[in-house]
Structure formats: structure tokens, C-alpha cells
Amino acid sequence: MDHPISRALTDVGARLAAAEQVAGRPAGSVTLLAVSKTFPEPALRAAYAAGARQFGENYVQELTVKAAALADLPDLVWHFIGPLQSNKTRPVAELAHWVHSVDRLKIAERLAAQRPEHLPALNVCLQVNVSGEASKSGCTPEELPRLARAVAALPRLTLRGLMCIPEPTPDTARQAAQFALLRELRDQLVADGLALDTLSMGMSADLEVAVAEGSTIVRVGTAIFGARDYSHS
Ligand SMILES: *Cc1c(COP(=O)(O)O)cnc(C)c1O
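Chains are numbered independently. Their residues run from 1 in the order of the written sequence. Note on the predicted model: pLDDT of at least 70 is required for a residue's local features to be given, and 80 or more for side-chain atom pairs to be given and counted; whole-chain, interface and lining totals, by contrast, use all residues. Where side-chain values are given, they derive from all heavy atoms of the structure, hydrogens and water being excluded.

Draft legend 1. Summary view of the pairing of strand 3 (residues 77–80). The cut-offs for exposure are 20% and 50% of the maximum accessible area for each residue type, with area from a 1.4 Å probe on protein chains only; residues under the lower value are buried, those over the upper are exposed, and the others partly exposed. Each helix is a run of H or I in the DSSP string that is no shorter than four residues. Each strand is a run of E no shorter than two, and both are numbered from the N terminus. By the alternation rule, side chains of strand 3 split into Val77 and His79 and Trp78 and Phe80, which are all buried. At least two DSSP bridges between two strands are needed for those strands to be called paired. Note: strand 2 (residues 54–57) against strand 3, 4 bridges, orientation parallel. Paired with glutamate 57 across the bridge in strand 3 is phenylalanine 80. For the handedness criterion, the β-α-β arrangement of strand 2, helix 3 (residues 60–69) and strand 3 is classed as right-handed. As paired strands, strand 3 and strand 4 (residues 98–102) are joined by 2 bridges and run parallel to one another. Of the residues in strand 4, the one forming a bridge with phenylalanine 80 is valine 99. Read from strand 3 through helix 4 (residues 89–95) to strand 4, the crossover connection turns out right-handed. Crossover handedness is defined here as right-handed if the route from the first strand over the helix to the second strand goes clockwise, with the strands pointing away from the viewer.

Draft legend 2. View of the site of the ligand. Distances are taken per atom, and a residue is near a molecule or strand as soon as one of its heavy atoms is within 4 Å of it. The local shell around the ligand consists of Val35, Lys37, Asn58, Ile81, Ile165, Met203, Ser204, Arg219, Val220, Gly221, Thr222 and Arg228. Note that an oxygen atom of the ligand is positioned 2.7 Å from one of the side-chain N or O atoms of asparagine 58. Pairing of N or O atoms within 3.5 Å defines a polar contact, subject to two protein rules: one partner must be a possible hydrogen donor and the other a possible acceptor, and residues neighboring in sequence count only if both atoms are side-chain atoms. A distance of 2.8 Å separates an oxygen atom of the ligand from a polar backbone atom of glycine 221. In the complex, the protein chains occlude 89% of the 390 Å² of accessible area that the ligand would expose alone. A class-by-class count of the residues in the shell around the ligand yields 5 nonpolar, 4 polar and 3 charged. Values of accessible area rely on a 1.4 Å probe in the Shrake-Rupley scheme; residue burial ignores everything except the protein chains shown. Residues were grouped as follows: Ala, Val, Leu, Ile, Met, Phe, Trp, Tyr, Cys and Pro as nonpolar; Asp, Glu, Lys and Arg as charged; and all remaining residues, including Gly, as polar.

Following this line, the structure appears as C-alpha cells:
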């Protein structure tokens, strides 16, 4: 019998392939990021054994523990996707290959200063608040151009693109409009001369909509690992 995580990965891979086809996009143009937050080391090893290489974590402490525990796995790529406080940037600068959640210059400056010289540049996406909800992380669309230019100028970082977490809604047109806004913001920055190739958008419930709107990385947790249990944290 296949491991349940292996079966789930196969199912999500099939959803992604179907979404690429429906959207008229090349097969394999969207990267699947396995969001492993709250799940223990054996779950990540099962996903790795089933072919997953890109893993997303939200909490600095958890990333630190898991990166040490899984240091034996070659080619494993860590993406930090959670809110980042300026006093917790160092482990992320040292352990992550990507950070999706940069939303102010101070965080980017600290990551740049703390990125070890012997490592390649840290890949960065800027998180944008596309729903306008006051509670949401992310810079505003108005702040984005200035932030993007400042981050692109920092050493030790490579600005790759944009990330969003849209307002949860069963209204797919509303969802699509938020993803489309992120794409338009990216296109505008590219027109202004920044070399951005990444749109990090789409999760378990809405990856098809995100792929239709141009996502290049979908961040999928529940559909791979199952429901999260926060009761122990
Ligand atoms: C938890 C999380 C995800 C995964 O969400 P699912 O609905 O479980 O797929 C994606 N992105 C971010 C930023 C997250 O915090």
C-alpha cells in the first residue's frame, strides 16, 4: 500500500496538471510547494520519498528544528512563508532558500545582512495584501513599487516575485480578481524593469483559480498532509 501522503501528492499533482492544461499553460510550469507546518519529521520524509523537494514552513522555530532533522536529505528546498518578525530573521537567512513573506524593507535589510556569504543569494517574494483586509499581512499595492525597487537593490537577495493570501471566499470570481491583481502588479514591475519570474499564489482550496491567473508556485498543505492540529502548540 502507498503511504497516504504519497497518494495525496499524486492527487494534488493530477489537480495541478489538469489546472495547467485547462489554463493552456505548459505542463510542469507550476511548482508544487508542500506546506508542512505543524507536521512532524516522518510526514516530511514520506513526502520526500514520494518525490516532494520543496517544503514550506511558517514558524522560525519549526524551520530550525526540521532543517536540522532533515539535513541528510539532498536537494531539499526550504521556503519560509509565514509572518517574519525582525528579531527572528537570522535562522531564516541561514536556513531558507526562499522567503515568500517579506512585506517591509527592514525585514529585507536584515535578511540581506544576515545571509551567509558562502550561500547563494536568498530568493525573496514580496507579500502583497490584495484583499485590503486590515488584519492581513503584506504591503499595500501602493507601497509595492517603492519596496520592490529597494529590495531589488539589496545584496545577497534575489527578488523573484510576489506572494498573496487572498480573502477566503466561496466566490471564485472574487478570488480570481485578487489573483489577477497580483499578476497585474507583477507585470507592472516587470514593465518597469525588474526581472520577476514568480507568482506565489494558490493553496489547497483554490489552486485551480490561481493557476488560471498565472501562479508559478502553489503552496499546498492540507491537501497533501491532511488537517492541521494546533492543539499541541
Ligand atoms: C498554511 C499555509 C498554506 C497552506 O494552506 P492549505 O490550505 O493547508 O493548503 C499556504 N500558504 C500559507 C502562507 C500558509 O500559511
